[in-house]
Amino acid sequence: MFQRLRESLSLILLAVLPMHAMLVTVATHILSGQNHAPLAVLALWKEALLAVILIIAVIEIIRTKEPELQKSVWSLDILDWCIILSIAIGAAVSLTGGAGSSLSLQLSAADKRFLLGFKYDFLPLTAFFLLRRVPWSRNFLVAAARVIVMVGGVAALFGIATLFVPLSFFTSIGYSDLHSLYLPKAAIASFQFLEGTDIRRVQSFMSGPNQFGLWLLLPFAANLMLLFKSIRERRHADTVLYVIGGALVIAALFFTYSRSAWIGAVMILVVSSALLLRHTIESVFHRSLVLTGVGVIAGIAIVIGVNFFPQILVRAQSFQGHWEKPLEAIQTMRTHPFGLGLGTAGPASNRLSDTCVFLDLGADYTWTKNHKDLCVFIGGIRKLPAGKACECPLLTENWYLQWGVEMGYAGLFLSLAIILLALWLGLKIPLTDIRIIPVLALLGVAVGGIFLHSFEDGAVAYSLWLLLAACIPAGKGLQAQV
């Protein structure tokens with residue numbers, strides 16, 4: 001009974017998570033009016049549902065009488081130890097620096113920073129740690145794959161439709177009238193535009209195109225693997241279904257113009273193709289020849305894109321940020337080798353800091369004067385607001401360096417170790433097994449983490465680690481018995 005309830009709630013969570021941002025925006029608008037920040041009581045529904053799932057899992061763990069299951073519960077592998085150690089280091093660094101030390105019922109700024117940092121860094125991993133210790137049925141994995149495919153198709157269709165919907169529609173249901181900006185104390189923007197253009201980037205139900213692009217890697221992997229399966233089993237109706245679903249996802253993924261998500265999708269294709277070739281082509285030479293051909297085609301496509309569509313692929317200002325911010329993060333790590341504490345970098349810092357707009361010398365910034373909550377810098381010098389100090393967020397544009405800034409060199413090492421160990425265990429799953437889907441998606445999102453805070457969005461992080469828990473159970477590798 002408990003397992004069926006947990007799996008049913010997990011399917012509901014997987015289905016609704018991608019729609020979280022839009023649902024909360026619309027509900028907040030109905031309850032509190034235009035341009036209001038998302039209400040916490042609404043925004044935390046996903047954490048509340050995840051907490052219920054985890055409580056059920058703990059009850060199952062306590063009630064289990066089967067010796068084999070009891071053994072797996074207390075069997076910790078290196079992946080488990082990396083998670084435990086990273087949480088311990090994060091808490092120690094934060095408490096040493098004062099975060100989370102207040103005993104008052106009123107949360108201090110340091111407490112909020114710590115809690116947000118824990119939410120982004122460790123809540124998904126905590127869920128993974130617990131949920132890999134309870135059994136998951138084969139039916140759940142099949143149903144989860146179908147839910148992801150269906151929701152992916154709906155989200156892709158809606159996202160493509162938003163390319164043609166007027167901005168007034170979105171402001172009428174609660175979105176901000178700004179674009180391409182995140183304001184922590186206001187409604188989210190309905191669109192981001194390509195740098196220096198009025199080309200919309202698709203974000204569908206989600207809070208931004210990068211978040212949507214990274215989440216799409218999950219239905220992308222699901223459609224791809226289920227397509228392989230339907231072709232192998234000669235189920236023609238299913239083949240047509242997955243071709244259509246995959247085409248919709250690829251189209252939406254393209255219109256996100258998220259280069260990190262594109263690279264992640266290419267990595268999924270390359271690794272899944274390599275695994276497929278290993279089982280279908282015996283000759284190492286022929287496999288190498290095929291992969292080399294794919295690499296040459298990809299290289300030609302990149303060269304053509306850079307030369308003919310520089311506003312899509314190059315984007316000078318964005319590229320500069322992806323280069324400079326990681327270097328600044330590395331310098332911060334050198335200055336603070338043991339870290340600054342949870343929440344001091346990345347999405348938590350973004351939530352608790354001012355919104356800073358950096359413009360080049362001579363740029364028109366008159367549009368910002370009506371927005372008193374913006375900090376505007378021209379050529380690196382603050383112009384607005386007058387007489388107020390601004391605290392800009394510390395963004396590393398790299399998930400692993402975010403951990404490095406928060407927890408020092410140990411955090412950087414552990415962030416890489418957790419991902420690599422999960423991939424090492426997951427890629428042992430045969431390509432014909434449905435459990436490979438979240439592993440391939442993790443690969444794409446992990447590659448995206450080199451360029452973005454790729455695990456910041458709940459739809460990405462909670463979905464991935466929940467599914468991985470069902471696919472990489474405890475007691476299945478690199479054992480360190482306790």
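Look up a bit, the structure's there.
In this report, we go over the structure that sits alongside the text. Model, not experiment: these values are computed from the prediction.

**Details of the state of the cysteines**
Summed over the entire model, instances satisfying the criterion amount to two disulfides. One disulfide bridge connects C356 with C392, the sulfur atoms lying 2.0 Å from each other. Negative torsions about the S-S bond denote left-handed disulfides, and the value of about -95° found for C356 with C392 makes this one left-handed. One end of the pair, C356, is in strand β4 (residues 355–359); the other, C392, is in the loop between β6 (381–384) and α19 (399–426), with 36 residues separating them in the sequence. Residue C392 is classed as partly exposed on the basis of its relative accessible area of 29%. Here C375 connects covalently by a disulfide to C390, the sulfurs 2.1 Å from one another. Linking C375 and C390, the disulfide has an S-S dihedral of approximately -90° and is accordingly described as left-handed. One end of the pair, C375, is in strand β5 (residues 374–378); the other, C390, is in the loop between β6 and α19, and 15 residues separate them in sequence.

**Remarks on the pairing of β6**
Strand direction decides the pairing type here: β5 and β6, joined by three bridges, are antiparallel. From the neighbouring strand, F377 faces β6, where its bridge partner is R382. Joining the antiparallel neighbours β5 and β6 is a turn of two residues, in which G379 adopts a positive phi near 60°.

**As for helix α6 (residues 78–96)**
The terminal C-alpha atoms of α6, which comprises 19 residues, lie 26 Å apart, in line with the 27 Å expected from a rise of 1.5 Å per residue. For α6, every residue scored as buried is listed here: L79, D80, C82, I83, S86, I89, G90, V93 and S94. Of the surrounding secondary structure, the elements contacted by the buried residues of α6 are β1 (75–77), α7 (109–121), α8 (123–131) and α19. The N-capping residue of α6, defined by a side-chain oxygen 3.2 Å from the backbone nitrogen of L79, is D77.

**Regarding the packing of α7 against α8**
Orientation of α7 relative to α8, taken along the N-to-C sense of each, is 50°, at an axis distance of 4 Å. Taken together, the axis directions place α7 and α8 in an arrangement best described as oblique. Contact residues: α7 offers F118, K119, Y120 and D121, while α8 offers L123, P124, L125 and T126.

**Topic: the packing of aromatic side chains**
All told, the structure shown has 18 aromatic pairs when counted by the stated rule. Between the aromatic rings of W136 and F140, the centroid separation amounts to 4.7 Å while the plane-to-plane angle is 40°, which identifies the pairing as tilted. What makes F140 buried here is its relative accessible area of 2%. An aromatic cluster of at least three residues, connected via ring pairs, comprises F169, F170, Y175, F191 and F193. In this structure, R6 packs its charged tip against the face of W136, placed 4.4 Å from the ring centre. Just above the ring of F129 sits the side chain of R133; from NZ or CZ to the centre is 4.3 Å.

**Describing the pattern of salt bridges**
Summed over the entire model, instances satisfying the criterion amount to twelve salt bridges. For the salt bridge of D238 with R235, the shortest nitrogen-to-oxygen distance reads 2.0 Å. Overall, R235 belongs to the partly exposed group, its relative accessible area being 27%. R435 is the salt-bridge partner of D433, the closest N and O atoms lying 3.0 Å from each other. Its relative accessible area of 24% is what places R435 among the partly exposed residues. Here the salt bridges share partners, and the residues they tie into one network are D77, D80, R132 and R133.

The rules behind these values
Residues numbered from 1 in each chain as written. Predicted model: local features only at pLDDT ≥ 70, side-chain atom pairs only at ≥ 80, totals over all residues. Heavy atoms only, no water. Disulfide = S-S within 2.5 Å. Helix = DSSP H or I, 4+ residues; strand = E, 2+ residues; numbered from the N terminus. Buried < 20%, exposed > 50% of the residue type's maximum accessible area, 1.4 Å probe, protein only. Pairing = 2+ DSSP bridges. Expected span 1.5 Å × (residues − 1). Contact = heavy atoms within 4.5 Å. Polar contact = N/O pair within 3.5 Å; in protein donor to acceptor, adjacent residues only side chain to side chain. Axes fitted to C-alpha atoms, helices over the stretch in contact; angles between N-to-C directions. Parallel < 35°, antiparallel > 145°, perpendicular 65-115°, else oblique. Phe/Tyr/Trp six-rings, centres within 6.5 Å; stacked < 30°, edge-to-face > 60°. Lys NZ or Arg CZ within 6 Å of the ring centre and 35° of its normal. Salt bridge = Lys/Arg side-chain N within 4 Å of Asp/Glu carboxyl O.

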